[in-house]
Amino acid sequence: MGVKITELVSATRRTPSIMDLANKRLAIDAFNWLYSFLAPIRLTDGSMLQDDQGLATSHLSGFFFRNIYLLENRIKPVYVFDGKPSELKRETVAKRAEARQEANKRAEEAKEEGAVEEARKYSEAGAHIEKHMIPECKRLFELMGIPYVEAPSEGEAQAAHLVNKNDVYTAVSQDYDCFLFGARSLLRNLTQQKVRRIQGKEYRIEMESYDLQGVLKHLGISHAQLVDLGILIGTDFNPGIKGVGQKTALRYVKEYGSIENVIDKKPDLAQHLPMDLVDRVRKVFLEPDVTDDYEMVERPFDPEGLVEFLCKEKSFSEERVNKRIATLQRELKKASQQSLDSFLSS
DNA sequence: GTTGGTAG
DNA sequence: CTACCAACG
C-alpha cells in the first residue's frame, strides 16, 4: 500500500511524456507492478488467466506486454525484486493476507450464487502473489534481455539506492515509500498513455514524476522529517496514529520538528507510538538495507525463447505473441535507422 | 492491463 | 479514426 502522501506531493507533480524516457534506465519495483497486474488481468468471472496445468499466467501477460511497450520506446528497464521482509512488516503482511483470504472466500460464495460482478470484485481484492510467479517473471525478463536486481530486503529501498548512485534515471513505483527511503526521483503510472474524451474534455492517466528535493522544498521539511511524517500517518512498518492524516502530520512535523517534540506536547499520542518503535522504523528508512552487490546484465532479446516459454509452456497465443514481438522489432529498426539518418546528415 | 474486433 | 467491449490463458 505504501505511505499516503498523495495530497502533500501533488503540487510538485510533473507529467513527462513517454518520449522523455527514451534511452533512460529505470529501476522498477517488480513486486509493485506484479501486484498491479494480478487484480485486473482476469476473465470476466474474476478467475485468472492460466496455463494448461492450471497455474496463473496473469503476471506474464502483464509483464510481457508492458515490457514490449517500454522497449518499443527505447526505455531500459531494470527490475528490482524484494528480498527478505523486515521483521517490522510482519504484522502488515499478516493483516493483508487475512484480508485477501476473506475476499477470496466471498469471491467463492459469489461465484456459487452466480453473481459474476461480485465474484470479480472480491477476486480482485483477493489477488496475491503465488510462489511460482517470481522465477517465471525472472525467466521472462531474461528472455526479453531485461536485467534485474535482488534487493536484500525492500525493493523500494534498493531502487532508491540505484537512483541515488546514478545507476538509473529514476525509481518506478506506484508507492511513495521510495521517498522515505531517500530516492532522488520517482515515476508513477508508467503505462500506455491512452486518451479518453468525455464531453469533449480529454482525460488520461498521466505519468507522474516527482523529485525528493522538490517535495521537501515545497513542504518546508527535511528528509528525516518526511520520515517522521510518514511514521505519524502510518507506513508498512508501523500502524500510525488514528485520526492523524497527511495534513495533520505535516502540521505536527512543521510545528514541533520531530516526533519526540510532538509527543512531548501531546503526551496522549505516546501510547500509540512507542519511541523504540519510532526509532526502529526511522532506521528502516534512513539506514536502509541495500547492497552494491548487483550487476545489470543486459542479455539479447530472444524471440524464439519467448515463444517457447509463453506459447509452448504457458499457453499464450502464438499469433498474439509473435505479432507484438514483430511490431517491437519493426519500431526498433525504424528508430535506429532514424538516428543513423540524423547522424549522417549532421 | 493490453489487445483486437466491431460499430458508429 | 474513435469509442466500446469482449477476450486474453
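Our structure is the block above this text.
Residues numbered from 1 in each chain as written. Chains lettered and ligands numbered in written order. Predicted model: local features only at pLDDT ≥ 70, side-chain atom pairs only at ≥ 80, totals over all residues. Heavy atoms only, no water.

Enquirer: Which residues make up the pattern of salt bridges, and what values do they have?
Expert: Within the structure shown, the criterion is met by 22 salt bridges. In this structure, glutamate 136 and lysine 314 form a salt bridge, with 2.8 Å as the shortest nitrogen-oxygen distance. Residue glutamate 136 is located in helix 6 (residues 133-143), and its partner lysine 314 is located in the loop between helix 14 (303-313) and helix 15 (318-345); the two are separated by 178 residues in the primary sequence. With a shortest N-O distance of 2.8 Å, arginine 282 and glutamate 260 are connected by a salt bridge. With arginine 282 in helix 13 (residues 275-286) and glutamate 260 in helix 12 (residues 259-265), the pair connects residues that are 22 residues apart, well separated along the chain. A residue is classified by how much of its surface remains accessible, and arginine 282, at 14% relative accessible area, is buried. Put simply, Lys89, Arg96, Glu154 and Asp236 are held in one network by salt bridges that share partners. (Salt bridge = Lys/Arg side-chain N within 4 Å of Asp/Glu carboxyl O. Helix = DSSP H or I, 4+ residues; strand = E, 2+ residues; numbered from the N terminus. Buried < 20%, exposed > 50% of the residue type's maximum accessible area, 1.4 Å probe, protein only.)

Enquirer: Tell me about a negative patch on the surface, and name the residues and values.
Expert: The grouping of Glu108, Glu109, Glu112 and Glu113 at the surface amounts to a negative patch. Note on placement: glutamate 109 falls in helix 4 (residues 90-112). By relative accessible area, which is 43% here, glutamate 109 ends up partly exposed. (Patch = residues over 30% accessible without salt bridge, like charges linked within 9 Å, V, L, I, M, F, W, Y side chains within 5 Å. Areas by Shrake-Rupley, 256 points an atom, 1.4 Å probe, with all protein chains shown as cover. Lys, Arg positive; Asp, Glu negative; His and termini not counted. Charge placed at Lys NZ, Arg CZ, Asp CG, Glu CD.)

Enquirer: An account of the protein's contact with DNA strand B is needed here, citing residue identities and associated values.
Expert: Every residue near DNA strand B is listed here: Phe37, Pro40, Ile41, Phe65, Arg66, Thr191, Gln192, Lys194, Arg320, Lys323 and Arg324. In DNA strand B, atoms within 4 Å of the protein come from the sugar-phosphate backbone in 67% of cases. At 2.4 Å, a side-chain N or O of arginine 324 approaches a phosphate oxygen of DNA strand B. Taken together, the elements giving at least two residues each to the surface near DNA strand B come down to helix 3 (58-72) and helix 15. Counting residues per element, the surface near DNA strand B draws most heavily on helix 15, at three residues. Along the lines of polarity and charge, the residues of the surface near DNA strand B split into four nonpolar, two polar and five charged. (Near = heavy atom within 4 Å. Polar contact = N/O pair within 3.5 Å; in protein donor to acceptor, adjacent residues only side chain to side chain. Nonpolar A, V, L, I, M, F, W, Y, C, P; charged D, E, K, R; others polar.)

Enquirer: Describe the protein's contact with DNA strand C, naming the residues involved and giving the relevant values.
Expert: Surrounding DNA strand C, one finds 13 residues, the nearest of these being Arg42, Thr57, Lys314, Ser315 and Ser317. For DNA strand C, the backbone makes up 60% of the atoms found within 4 Å of the protein, where backbone means sugar plus phosphate. In the environment of DNA strand C, a base nitrogen lies 2.7 Å from a nitrogen or oxygen atom belonging to the backbone of arginine 42.

Enquirer: Account for helix 14, naming residues and giving values.
Expert: Restricting attention to buried positions, one finds in helix 14 the residues Pro303, Gly305, Leu306, Val307, Phe309, Leu310 and Cys311. Looking at the packing, one finds that the buried side of helix 14 touches helix 3, helix 6 and helix 15. Where helix 14 ends, the next residue or the one after it, serine 315, has phi of about 65°, a positive value. (Contact = heavy atoms within 4.5 Å.)

Enquirer: How would you explain the nonpolar core if you had to name every residue and give the values?
Expert: The biggest cluster of nonpolar side chains holds 56 residues, and the ones touching the most others in it are Leu229 and Leu232. In terms of residue count, the dominant contributor to this core is helix 10 (residues 223-233) (six residues). Composition of this core by domain shows at least three residues from each of domain 1 (1-219) and domain 2 (220-287). The residues touching leucine 232, leaving out its near neighbours within four places in the chain, are Gly240, Ile241, Val244, Ala249, Tyr252, Val253, Ile259 and Leu273. (Core = buried A, V, L, I, M, F, W, Y, C linked by side-chain atoms within 4.5 Å. Domains from an automatic or database assignment.)

Enquirer: Run through the pairing of strand 1 (residues 25-29), naming residues and quoting values.
Expert: Taken across its five residues, strand 1 has four buried, putting it largely inside the fold. In this sheet, strand 2 (residues 76-81) lies alongside strand 1 in parallel orientation, the contact comprising five bridges. Residue pairing across strands places leucine 26 opposite proline 77, the latter belonging to strand 2. By the bridge criterion, three bridges tie strand 1 to strand 4 (residues 170-172) in an arrangement that is parallel. Bridge pairing in strand 4 places leucine 26 opposite threonine 170. (Pairing = 2+ DSSP bridges.)

Enquirer: Please give an account of the environment of glutamate 108 that cites residues and values.
Expert: By the element assignment, glutamate 108 lies in helix 4. Residue class for glutamate 108 comes out partly exposed when judged on its relative accessible area of 45%. Spatially, the C-alpha atoms of glutamate 108 and arginine 120 are 9.9 Å apart, while their sequence positions differ by twelve residues.

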